[in-house]
Amino acid sequence: MGGGENMGQLAQPCRRQKMQQDHLDVDPLFIRFLRTFKEVLKFVLFSYTVLFEPAADPGQLRSRARYRDTLSESLTMAGAGGGNSDVQWCFSQVKGAIDDDVAEADIISTVEFNHSGELLATGDKGGRVVIFQQEPESKNQPQCRGEYNVYSTFQSHEPEFDYLKSLEIEEKINKIRWLPQKNAAQFLLSTNDKTIKLWKISERDKRPEGYNLKEEDGRYRDLNTVTTLRVPVFRPMDLMVEASPRRVFSNAHTYHINSISVNSDCETYLSADDLRINLWNLEINDRSFNIVDIKPTNMEELTEVITAAEFHPNQCNTFVYSSSKGTIRLCDMRASALCDQHAKQFEEPEDPNNRSFFSEIISSISDVKFSHSGRYMMTRDYLSVKIWDLNMESRPVETYQVHEYLRSKLCSLYENDCIFDKFECCWNGNDSVVMTGSYNNFFRMFDRGYRQDVTLEASRENSKPRSVLKPRKVSTGGKRKKDEISVDSLDFNKKILHTAWHPLDNIIAVATTNNLYIFQEKLN
Amino acid sequence: MLGRGVKRKWSCLEELEAEARPAAAEKERDGKEGQGDEDGFLVGPSKSAMNHLQQRQLVLGLCMEKLQSYQAGMELSLRRSVLLINTLRQIQEDMQSDETGTSETLLNHTDSCLLREDMQVTCPGCTEEDGDSLSPPLSPEFPSQEANSSPDQQKSLPAAAINTFSEAVNAMGYLSDLALDDIFEDIDTSMYETSELPSAWSAGSLWPISVSLWTDEDVKMRPPSLPSAGSLQSRLMDLNELDHIMEILVQS
């Protein structure tokens, strides 16, 4: 730098003498300017490389910058990343039986965080709901987010028998949806194939004592022993969590319910089965409105079923439903009472190169989720995750391949029925990362902004407390590198169908067949 | 990876899939299992067509297997049924386009019998004994494996299923729910009403597969309409003719 050299000049005049001999006949002021300019230029270039990570082609750079801009709008909360190299995931907890022998009733069928993330609910094939509560952050370890411990367990649905069809109605919980909290109690909707129930989960930590007519254990007192009257008082007791069914919404669905979704008005919700969608009022359980009916008059003409449905997070009149043919229809309830006419239809034209006998099956959408902002929606089909802009119906704005290496194995997957598996997907709190499950207990995260993805595994081997999860890789080519796993070694019985992301933090819940894994972001 | 007990089958299958890709390296693995000695016969494009046919045949077999395995007790998933049936329809269209496209019987005669909606109850080519006799008429370019595999496939499918292909398909998929949904509304018995015959008997004789699927409620077995009334009508006609003959005999 100019200053340093001048200082050096003062301290060691002889050195400056030597340098001056190199520059002949040049104005010293100009030399100083050049050197300063050089340093400034170096600084600018350095900043450029640090801030903008220049891409190979300018197009990629522009798209990155555009994503950064859209992301920065929504980056208000903690938990910015997930799939980029900055965020590392580490094991936090695992719930469920350790042994490999899986009891059918323990198979987890749905996972859902509530709106604050404090509660995590799971439903299983045996009709039970287990709710975990996050412990408050301890002062000893302020960096470590609280653990989830069992808060309440209850039997939500029982197996039923349909006498008309001579068929059993499974008690398996298909979906759980939390209601936004309005008072001290928590409410959730849980559904099996035919019946939806509204559960109230409330805490009791006080009880009245000192009744005049009853003893503490409930026996009635002999009236002759009552000589004075007293006012009962509330005394503290051990915390007790009670779950009670407040409403039962039944007999509205001929086919199997696959989705429920609470409206943003917090007064209504929809339930969708294979052919119809009904609108309910949370207070009224003996009536529902049918808002979508795709059943043809002649059942032999049936070629398409509804696979998922969801209300828009902000607009209480808008909802979407996906189909087994890979289309998503957006409907506006203001248009008509029966929303058979869609307002928008989202469908990507089929790639003729990839056409096979299984094209339709793998295009069947298994899950649809709106982003928290309400601007985008994500769909999951068998091999990919697609993100749609609600303003563009012709094609998705982003497509992520979950396990493209399975495309050549479709016939085998058809034979063993894995091709019919329904994977779910979820957004992180600020819509920058999406996550979905795969086979071999792998799950995938896609960072939309940084265009990075990672494959992680939920297994007991990686379950040391706070051990960082190592990214996994499936080798597709002939040559298998070390630590990679080949496609033929994948265990197709170990599938992760259900995942959930905490709405505010980088905490995720991943369900394997009968275990629930909780992973957290590694914090320093 | 899947089903170790049927490893041989899968390696066949994966070779099928591998051959479909135009990779020269993979072609070296050909001719080992199931491809046999026809490598000498085939040139490039017809080989992929062969694999297409083989895959189609395999998928067809699997599809029928899956549809038939869902019978009493378990309530089948409508989504799964719809997807299976759509796959079957796609195979059907593929077969039909093949049939119309090529004059030579690339397609097995028995397959085309499956698909024609006006087929008679006993299609002469559909019975298993005739299947083997079809191999000589096939042109020598297309090796005997096509004929060999198809009769094998045929033998694995029950004869009743072949005869009432599309009816069975539709019956299994939707009608169990349909009948209950419109249980008192859409019963159209005009097709079945014959003055002499009791309706239960006529219904029972026309649905060889349905009998095994459901309990014996008449209403369940009478859908409002049928897509391929061909065989149905032929049977009705037979019955009507029989009655006519009986009348004549009685009167005389």
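What counts and how
- Residues numbered from 1 in each chain as written.
- Chains lettered and ligands numbered in written order.
- Predicted model: local features only at pLDDT ≥ 70, side-chain atom pairs only at ≥ 80, totals over all residues.
- Heavy atoms only, no water.
- UniProt positions renumbered as here; feature names shortened; annotations may be inferred.
- Helix = DSSP H or I, 4+ residues; strand = E, 2+ residues; numbered from the N terminus.
- Buried < 20%, exposed > 50% of the residue type's maximum accessible area, 1.4 Å probe, protein only.
- Contact = heavy atoms within 4.5 Å.
- Areas by Shrake-Rupley, 256 points an atom, 1.4 Å probe, with all protein chains shown as cover.
- Pairing = 2+ DSSP bridges.
- Axes fitted to C-alpha atoms, helices over the stretch in contact; angles between N-to-C directions.
- Patch = residues over 30% accessible without salt bridge, like charges linked within 9 Å, V, L, I, M, F, W, Y side chains within 5 Å.
- Salt bridge = Lys/Arg side-chain N within 4 Å of Asp/Glu carboxyl O.
- Phe/Tyr/Trp six-rings, centres within 6.5 Å; stacked < 30°, edge-to-face > 60°.
- Core = buried A, V, L, I, M, F, W, Y, C linked by side-chain atoms within 4.5 Å.
- Polar contact = N/O pair within 3.5 Å; in protein donor to acceptor, adjacent residues only side chain to side chain.
- pLDDT = per-residue confidence, 0-100.

Labelled according to an unreviewed UniProt entry, chain B appears under the name SERTA domain-containing protein, originating from Champsocephalus gunnari.

The name an unreviewed UniProt entry assigns to chain A is Serine/threonine-protein phosphatase 2A 55 kDa regulatory subunit B, from the organism Champsocephalus esox. Recorded in UniProt under Sequence similarities (unreviewed entry), the annotation for chain A is "Belongs to the phosphatase 2A regulatory subunit B family." Per UniProt, chain A carries the Subunit (unreviewed entry) text "PP2A consists of a common heterodimeric core enzyme, composed of a 36 kDa catalytic subunit (subunit C) and a 65 kDa constant regulatory subunit (PR65 or subunit A), that associates with a variety of regulatory subunits."

Student: What is the right way to read the overall build of chain B from this model?
Tutor: Scanning chain B from terminus to terminus reveals 12 helices and zero strands. In chain B, the succession of α and β elements from N to C terminus is α-α-α-α-α-α-α-α-α-α-α-α. When burial is assessed residue by residue, chain B has 46% of its 252 residues classed as buried. In chain B, once contacts between residues fewer than 6 apart in sequence are set aside, the share between residues at least 24 apart is 70%.

Student: Got a minute to help me understand the overall build of chain A in this structure?
Tutor: For chain A, the count of helices and strands is six helices and 32 strands. The buried share of chain A, taken over its 524 residues, is 47%. In chain A, the share of contacts with a sequence separation of at least 24, taken over all contacts with a separation of at least 6, comes to 55%. Here chain A displays about 26,700 Å² of accessible surface, and carbon together with sulfur accounts for 51% of that area.

Student: What is the right way to look at the sheet that holds strand β27 (residues 452-457) of chain A in this model?
Tutor: Whether parallel or antiparallel, the strands of a sheet pair through hydrogen bonds between backbone atoms. Residue and element names in this part refer to chain A. Strand order in the open sheet made by the four strands is β24-β25-β26-β27, with antiparallel pairing throughout. Two strands close off the open sheet at either side, each with one partner strand: β24 (425-427) and β27. For this sheet, the mean angle separating the axes of adjacent strands, direction not counted, is 20°. Here three bridges tie β24 to strand β25 (residues 433-437), and the two strands are oriented antiparallel to one another. For C425, the partnering residue across the bridge sits in β25 and is T436.

Student: Explain a nonpolar patch on the surface here, please?
Tutor: Residues V26, F30, F33, L34, F37, L41 and L45 of chain A make up a contiguous nonpolar surface patch of about 660 Å² in total accessible area. Turning to its location among the elements, F37 of chain A is positioned in helix α3 (residues 28-52).

Student: Which parts of the structure should I look at to understand the pairing of strand β4 (residues 128-134) of chain A?
Tutor: Successive residues of a regular strand alternate their side chains across the two faces of the sheet. Residues and elements named next belong to chain A. In terms of burial, β4 is a largely internal element, six of the seven residues being buried. Linking strand β3 (residues 119-124) to β4, which pair antiparallel, is a turn of three residues; within it G127 sits at a positive phi near 85°. Here β4 pairs with strand β5 (residues 148-155) via seven bridges, running antiparallel. Each bridged residue has a counterpart across the sheet, and for R128 the counterpart in β5 is Q155.

Student: Would you explain the packing of aromatic side chains in this entry?
Tutor: Any two aromatic rings considered together are summarised by their centre-to-centre distance and by the angle between their planes. Residue and element names in this part refer to chain A. Inspection of the entire model under this criterion finds 22 aromatic pairs over all chains. With a centroid separation of 6.3 Å and an interplanar angle of 50°, the aromatic rings of Y382 and F423 are classed as tilted. One end of the pair, Y382, is in the loop between β21 (376-380) and β22 (384-389); the other, F423, is in the loop between α6 (410-415) and β24, with 41 residues separating them in the sequence. Of the two residues, Y382 and F423, both sit in the buried class. Seen from their ring centres, F443 and F519 are 5.6 Å apart, and the 25° between their planes marks the pair as stacked.

Student: I would appreciate a short explanation of the sheet that holds strand β14 (residues 276-281) of chain A in the present structure.
Tutor: Residues and elements named next belong to chain A. The strand order β12-β13-β14-β15 describes an open sheet built from four strands, whose pairing is antiparallel. Since the sheet does not close on itself, it has two edges, and those belong to β12 (259-262) and β15 (284-293), each with one partner. Sheet twist, expressed as the mean angle between neighbouring strand axes with direction ignored, is 25°. Pairing between β12 and strand β13 (residues 268-272): four bridges, direction antiparallel. Its bridge partner lying in β13, V262 is registered against Y269.

Student: Even after reading the chapter, I still don't get the pattern of salt bridges, so can you show me in this structure?
Tutor: A side chain with one charge can pair with a side chain of the opposite charge if their charged atoms come near. Residues and elements named next belong to chain A. The full count for this structure, using the stated rule, is 32 salt bridges over all chains. A salt bridge links K386 to E348; the shortest N-O distance between them is 2.8 Å. One end of the pair, K386, is in strand β22; the other, E348, is in the loop between β19 (344-346) and α5 (359-363), with 38 residues separating them in the sequence. The exposure class assigned to K386 is buried, which follows from its relative accessible area of 16%. Assessed through its relative accessible area of 31%, E348 is described here as partly exposed. Within this structure, D106, D124 and R128 form a network of salt bridges that share partners.

Student: What am I meant to see in the nonpolar core here?
Tutor: One recurring pattern in soluble globular proteins: nonpolar side chains tend to sit buried together. Grouped together as the largest cluster of nonpolar side chains are 36 residues, with contacts concentrated most on Y382, L406, L413, Y414, I419 and L490 of chain A. Looking at this core, the elements with two or more residues in it are α5 and α6 of chain A together with α3 (44-69) and α4 (78-101) of chain B. Excluding anything up to four places from it in sequence, Y414 of chain A contacts F358, I361, I419 and F420 of chain A together with V59, L62, C63, K66, L84 and T87 of chain B. V87, M445, I508 and F519 of chain A belong to the second-largest nonpolar core, a separate cluster that totals 18 residues.

Student: Hey, could you run me through the pairing of strand β9 (residues 186-191) of chain A in this one?
Tutor: All names here are of chain A. Along β9, five of the six residues are buried, which leaves the element largely enclosed by surrounding structure. Judged from the six bridges that link them, β9 and strand β10 (residues 196-209) form a sheet pairing that is antiparallel. Residue pairing across strands places F187 opposite K200, the latter belonging to β10.

Student: How should unusual backbone geometry be read in this particular structure?
Tutor: For residues that are not glycine, phi is negative in most cases, and the peptide bond is trans in most cases. All names here are of chain A. Despite not being glycine, N440 shows a phi value in the positive range, around 60°. The topology assignment puts N440 in the loop between β25 and β26 (442-447). Accessibility expressed as a relative area gives 9% for N440, which makes it buried.

Student: Before we go on, may I ask you to explain the environment of R219 of chain A in this structure?
Tutor: All names here are of chain A. Note on placement: R219 falls in the loop between β10 and β11 (233-249). In contact with R219, not counting residues within four places along its chain, are L213 and K214. Here D217 takes part through its side chain, which lies 3.2 Å from a polar atom of the side chain of R219.

Student: What's the story with the environment of I85 of chain B in this structure? I'm lost.
Tutor: With respect to the helices and strands, the residue I85 of chain B is situated in helix α4. Here the alpha-carbon distance between I85 of chain B and M64 of chain B, two residues 21 residues apart in the chain, equals 9.1 Å.

Student: Which parts of the structure should I look at to understand the side chain of R276 of chain A?
Tutor: Residue and element names in this part refer to chain A. By the secondary structure assignment, R276 is in strand β14. The buried category is assigned to R276, whose relative accessible area is 17%. Polar side-chain contacts of R276 include one of 3.1 Å to the side chain of D293.

Student: I'm lost on the confidence of the model for chain B in this one. Help?
Tutor: Predicted coordinates in areas of low pLDDT are best not read in detail. All names here are of chain B. Summing up the model confidence of chain B, the mean pLDDT is 53 and the portion of residues at 70 or higher is 23%. Taken together, the stretch residues 19-45 has pLDDT below 50 and engages in 30 contacts with residues farther than four places along the chain or on a different chain. Scored below 50 in pLDDT, residues 103-173 makes 108 contacts in the model with residues more than four places away or belonging to other chains. Reported confidence for the predicted complex is 0.79 by ipTM and 0.68 by pTM.

Student: Just to check I follow, could you spell out the confidence of the model for chain A for this structure?
Tutor: All names here are of chain A. Looking at chain A, pLDDT values average 87 and 87% of them are 70 or higher. Mean pLDDT in chain A bottoms out at helix α4 (residues 58-74), which sits at 46, and peaks at strand β8 (residues 175-178), which reaches 98. The model gives residues 54-83 a pLDDT under 50, and that stretch makes 51 contacts with residues more than four places away or in other chains.

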